[in-house]
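# Coordinate analysis (summary)
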Amino acid sequence: MIKKQIALLCIAFMGMLASAQKMPVSYDFGEKYNDRYRYSNLMTIDEDGGGGYILVRAYYQGLILKPKGYLIEHYNSNLELVTEYNYKIKGLDFVDGFLKNGQLNLLFLNYNYNRGEYEYWVHRSPVIGFNFKTEKLLSIASEEVNDPVNKNYYNRNFSSGFTTAILFNEQKSGFIISTHHKKGKEEKHIIHLFDTTLKKRFEYDFSDEIEEKNYAFENVTFSPDLQTAYIVGKAYFKKKRFQVDERKFQYELIKLTENSSRTQSFVDPGKYPEALYPILLKNRLVCVGFYADRKDNRYNGIAYFDLDAQSLDVRSNRYNPFSQQFMDDKFGREEDKDIKNLIFKGVEVTPKEEIFFNAEEYFVTSSMESTGAGQRLKIERYHYNDIVSVKLSPDGNMEWARNINKTEVTQGDGAYASYSSYCKDGKSYFFICTAADNPQLINNERLIFKQGLSRNRNVFLISLDENGIMDYEKIIDQQEARLPFMVSMPLKDAQENKMLFYAKRGGKKQLVKVDFN
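Now for a description of the structure that goes with this document. (Residues numbered from 1 in each chain as written. Predicted model: local features only at pLDDT ≥ 70, side-chain atom pairs only at ≥ 80, totals over all residues. Heavy atoms only, no water.)

### Overview of the sheet that holds strand β8 (residues 93-100)
- One open sheet accounts for four strands, arranged β8-β9-β10-β11; its pairing is antiparallel. At either end of the open sheet lies a strand with only one pairing partner, and these are β8 and β11 (133-141). Between one strand and the next, the sheet's axes are offset by a mean angle of 20 degrees, whatever the strand orientation.
- Bridging between strand β10 (residues 117-126) and β11 involves eight bridges; their strand directions are antiparallel. Bridged to H123 within β11 is T134. (Pairing = 2+ DSSP bridges. Helix = DSSP H or I, 4+ residues; strand = E, 2+ residues; numbered from the N terminus. Axes fitted to C-alpha atoms, helices over the stretch in contact; angles between N-to-C directions.)

Encoded structure:
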């Protein structure tokens, strides 16, 4: 293992960055290993409970690439590959995976043609001596549909006949499975709550609530005893007639217990909340996110709602407009000042109940391209652009909001794009992986990271201190990081202040650990 100790020195930028401060981190490169599966996607990464790590990859083979199975890699605390296990299984839709009490749990959705139903299955194995056993969690009678778990951030399709979603809370102590089945005029929407021992805590028939609206759930949090779920989602009106300036959905918070449900909508004249996230604090429940002054996805600031956790009554709310500093970060002196398509990425709450959260500009574009054989093929490109980071005081006032300019686009594995974040001692850190050697500084005020053209990637660490003062440093050079990081799929260990990244290209792979000292 190659051990590198580095002290990151802050660089002062006129009008943008403050006086220099140290950001000490260290990083370890694990050994590079050969890998026979050139085409794969990282599905999940977790700690094994004994100081090591478990990674699960879906791999693809054939002249026309098709999923063939799952490669499970077990590393020890020294980032050494201990064992690999090839779990040959195909025809199932992977949903999520996690470790609990030394057991690896892989969740799949399967369509049973003989029974005419969708089935959720868990495939479970100890991490020492892999031996998978299967268990059916639930089943739903339905005709087969395209993309039953397909998620589009801005438009949802409820007409296919069957849609389902699975949502974990931030701590991964439990999850909900939402199943919405429609046949003719009959509709059933059931919400199931499981803990991560795979015990079903309860299920709730949500069908009465969908007579007028369809629900697309986005985020969830649970009470500590897992007896109550708080779900935030978009409620799409079915039959309501809309004015030109009206929006066809509204954000709602649903409180579920085994025997009851309660709903709170977020509707204020001239304000349109977006990307709301529920946070259950010691004595209260808050929802934070963004808002717009008009019905499209062009955001104007930060929304904050303080609610009674029992009744869901809104005790107070705040709409914090973006500051001039934020607008300068993002646009400089440009005339076009629209912020849109922000996707919530993460939240941290300090012991003082200060809230740090971040989001990313994400959108999809498509075009038709010729295959060279007289055919035209639709190509979709996934754009991961600017990072937005916000700090709120305990009462919901925005202390600062900053924008980090970046542009990334990919047609392939999104794990290599986007970013990951970490909060420590009131500071926020962002990891990005880019072929650019250095960011651009425009007019001494705007820091811009562009994708670059090289196959090799540099790893940059960007920091925001307690006052929102920005700094950055290239922490790992592309000459050292010969393999690109899957920067948006790290393993975070807040107790030991470290992050683990998987690096892979073609037939080579390795782990990289970054420690906050």
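### Concerning the pairing of β8
- Burial analysis of β8 places six of its eight residues in the buried class, the great majority of the element.
- Across seven bridges, the pairing between β8 and strand β9 (residues 103-112) is antiparallel. Residue pairing across strands places F94 opposite F108, the latter belonging to β9.
- The antiparallel pairing of β8 with β9 creates a hairpin that spans two residues between the two strands, and N101 there sits at a positive phi of about 55 degrees. (Buried < 20%, exposed > 50% of the residue type's maximum accessible area, 1.4 Å probe, protein only.)

### Observations regarding the pattern of salt bridges
- Tallied over the full model, the rule gives 29 salt bridges.
- Ionic pairing is found between K391 and E354, a salt bridge with its closest N-O pair at 3.7 Å. Of this pair, K391 sits in strand β28 (residues 376-392) while E354 is found in the loop between β26 (342-349) and β27 (355-370), placing the two residues 37 residues apart along the sequence.
- Overall, E354 belongs to the buried group, its relative accessible area being 16%. (Salt bridge = Lys/Arg side-chain N within 4 Å of Asp/Glu carboxyl O.)

### Quick word on unusual backbone geometry
- The phi dihedral of L198 falls on the positive side, at around 70 degrees, and the residue is not glycine.
- Mapped onto the fold, L198 is located in the loop between β14 (186-195) and β15 (200-205).
- Here E353, not a glycine, exhibits a phi torsion of approximately 70 degrees, which is positive.
- Structurally, the position occupied by E353 is in the loop between β26 and β27.

### Notes on the sheet that holds strand β13 (residues 174-183)
- Strand order in the open sheet formed by four strands is β12-β13-β14-β15, with antiparallel pairing between adjacent strands. Either end of the sheet is taken by a strand with one partner, and the two such strands are β12 (162-168) and β15. Across the sheet, the mean angle from the axis of one strand to that of its neighbour is 15 degrees, orientation sign disregarded.
- Where β12 meets β13, seven bridges bridge the pair, whose relative direction is antiparallel. Its bridge partner lying in β13, L167 is registered against I176.

### Remarks on the packing of aromatic side chains
- For the coordinates displayed, the defined rule picks out 42 aromatic pairs.
- For the ring pair Y111 and Y113, a centre distance of 4.9 Å and an interplane angle of 80 degrees mean the geometry is edge-to-face.
- Residue class for Y113 comes out exposed when judged on its relative accessible area of 59%.
- Taken together, Y422, Y429, F431, F485, F501 and F516 form an aromatic cluster joined through their ring pairs.
- Cation over ring: K172 sits above F168, and NZ or CZ is 4.7 Å from the ring centre. (Phe/Tyr/Trp six-rings, centres within 6.5 Å; stacked < 30°, edge-to-face > 60°. Lys NZ or Arg CZ within 6 Å of the ring centre and 35° of its normal.)

Such coordinate-based values are descriptive only and should not be taken to indicate function.
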